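# Fold and contact review
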Amino acid sequence: MPPNREHCALQDNTWLHFACHGGTQNYRDPFRSAFLMRDQPLALLDITQMDLFRHEFAFLSACETAVGDFATTPDEVIHLAAGLQFAGVKSIVGTLWKVTDATVQRSVEKFY
């Protein structure tokens, strides 16, 4: 199967900005967590298997992208932001809470 649009974009750009409906966090099986992209979910397992070591930055405009299950694995939190870091992205901005479009817009304007 040929790579989808999201996989190509991940490989072709060194600065990434995910603007999508909230990432889904699966606490029982964290590698099934995913960004809800336009065509299909982009799963954490797929991200961690990519080589993103030349990537400099990712901004995650989605709900709870840096939230993991701190109760059962406090030393080994696995979440979407961590997955990008494991894959090689050097700097990541994620969220610890649910965000509205207006909140994300203000954050992005201030950040960039």
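Up top is the structure.
Residues numbered from 1 in each chain as written. Predicted model: local features only at pLDDT ≥ 70, side-chain atom pairs only at ≥ 80, totals over all residues. Heavy atoms only, no water.

## A closer look at the sheet that holds strand S6 (residues 91-93)
- One open sheet holds the three strands; their spatial order is S1-S5-S6, and the pairing between them is parallel. Two strands in the sheet have a free side with no partner beyond their single neighbour: strand S1 (15-19) and S6. Mean inter-strand twist for the sheet, computed between neighbouring axes without regard to direction, equals 10°.
- Note: S1 against strand S5 (residues 57-61), five bridges, orientation parallel. By the bridge assignment for S5, Phe-18 is matched with Leu-60. (Pairing = 2+ DSSP bridges. Helix = DSSP H or I, 4+ residues; strand = E, 2+ residues; numbered from the N terminus. Axes fitted to C-alpha atoms, helices over the stretch in contact; angles between N-to-C directions.)

## Let's talk about the nonpolar core
- By size, the foremost hydrophobic cluster in this structure holds 19 residues, and its most contacted members are Leu-10, Phe-18, Phe-35, Leu-42, Leu-52, Leu-60 and Leu-84.
- Considering every element that reaches this core, the biggest residue donor is helix H3 (residues 80-87), with four residues.
- Setting aside residues no more than four positions away along its own chain, Leu-60 makes contact with Phe-18, Phe-35, Thr-65, Ala-81, Leu-84, Ile-92, Val-93, Gly-94 and Thr-95.
- If you look at the next biggest cluster of nonpolar residues, it comprises six residues, including Phe-57, Phe-59, Cys-63 and Val-104. (Core = buried A, V, L, I, M, F, W, Y, C linked by side-chain atoms within 4.5 Å. Buried < 20%, exposed > 50% of the residue type's maximum accessible area, 1.4 Å probe, protein only. Contact = heavy atoms within 4.5 Å.)

## Describing the layout of surface pockets
- Each pocket or cavity is described by its volume, and for the largest pocket that value is around 210 Å³.
- Residue lining of the largest pocket: 13 residues in total, with Cys-20, His-21, Ser-61, Asp-101 and Val-104 positioned closest to the centre.
- Where the lining of the largest pocket is concerned, the elements lending two or more residues are S1, strand S2 (21-24) and helix H4 (101-111).
- Considering each element in turn, the lining of the largest pocket owes the most residues, three residues, to H4.
- Looking at the lining of the largest pocket residue by residue, the classes come out as seven nonpolar, five polar and one charged. (1 Å grid on protein atoms, 1.4 Å probe; cavity = no way out; pocket = protein on both sides within 12 Å on 5 of 7 lines; lining within 4 Å. Points joined across faces, edges and corners; volume = space filled by probe spheres on them. Nonpolar A, V, L, I, M, F, W, Y, C, P; charged D, E, K, R; others polar.)

## Points about a nonpolar patch on the surface
- Taken together, Trp-15, Phe-111 and Tyr-112 make up a surface patch of nonpolar side chains, about 380 Å² in accessible area.
- Structurally, the position occupied by Tyr-112 is in the segment after H4. (Patch = residues over 30% accessible without salt bridge, like charges linked within 9 Å, V, L, I, M, F, W, Y side chains within 5 Å. Areas by Shrake-Rupley, 256 points an atom, 1.4 Å probe, with all protein chains shown as cover. Salt bridge = Lys/Arg side-chain N within 4 Å of Asp/Glu carboxyl O.)

## Description of the environment of Arg-32
- Position of Arg-32 relative to the elements: it lies in the loop between S2 and strand S3 (34-36).
- By relative accessible area, which is 61% here, Arg-32 ends up exposed.
- In this structure the C-alpha to C-alpha distance between Arg-32 and Leu-44, which are twelve residues apart in sequence, comes to 6.1 Å.

## As for the pattern of salt bridges
- The tally for this structure, following the rule as stated, stands at two salt bridges.
- For Asp-29, the salt bridge goes to Arg-32, with nearest N and O atoms at 3.1 Å.
- On the accessibility criterion, Asp-29 (30% relative accessible area) is partly exposed.
- In this structure, Glu-64 engages Lys-98 in a salt bridge whose closest nitrogen and oxygen atoms are separated by 3.9 Å. Linking Glu-64 in the loop between S5 and H3 with Lys-98 in the loop between S6 and H4, this pair joins segments that are 34 residues apart in sequence.
- According to the relative accessible area criterion, Glu-64 is partly exposed, its value standing at 23%.

These figures capture arrangement, not role.
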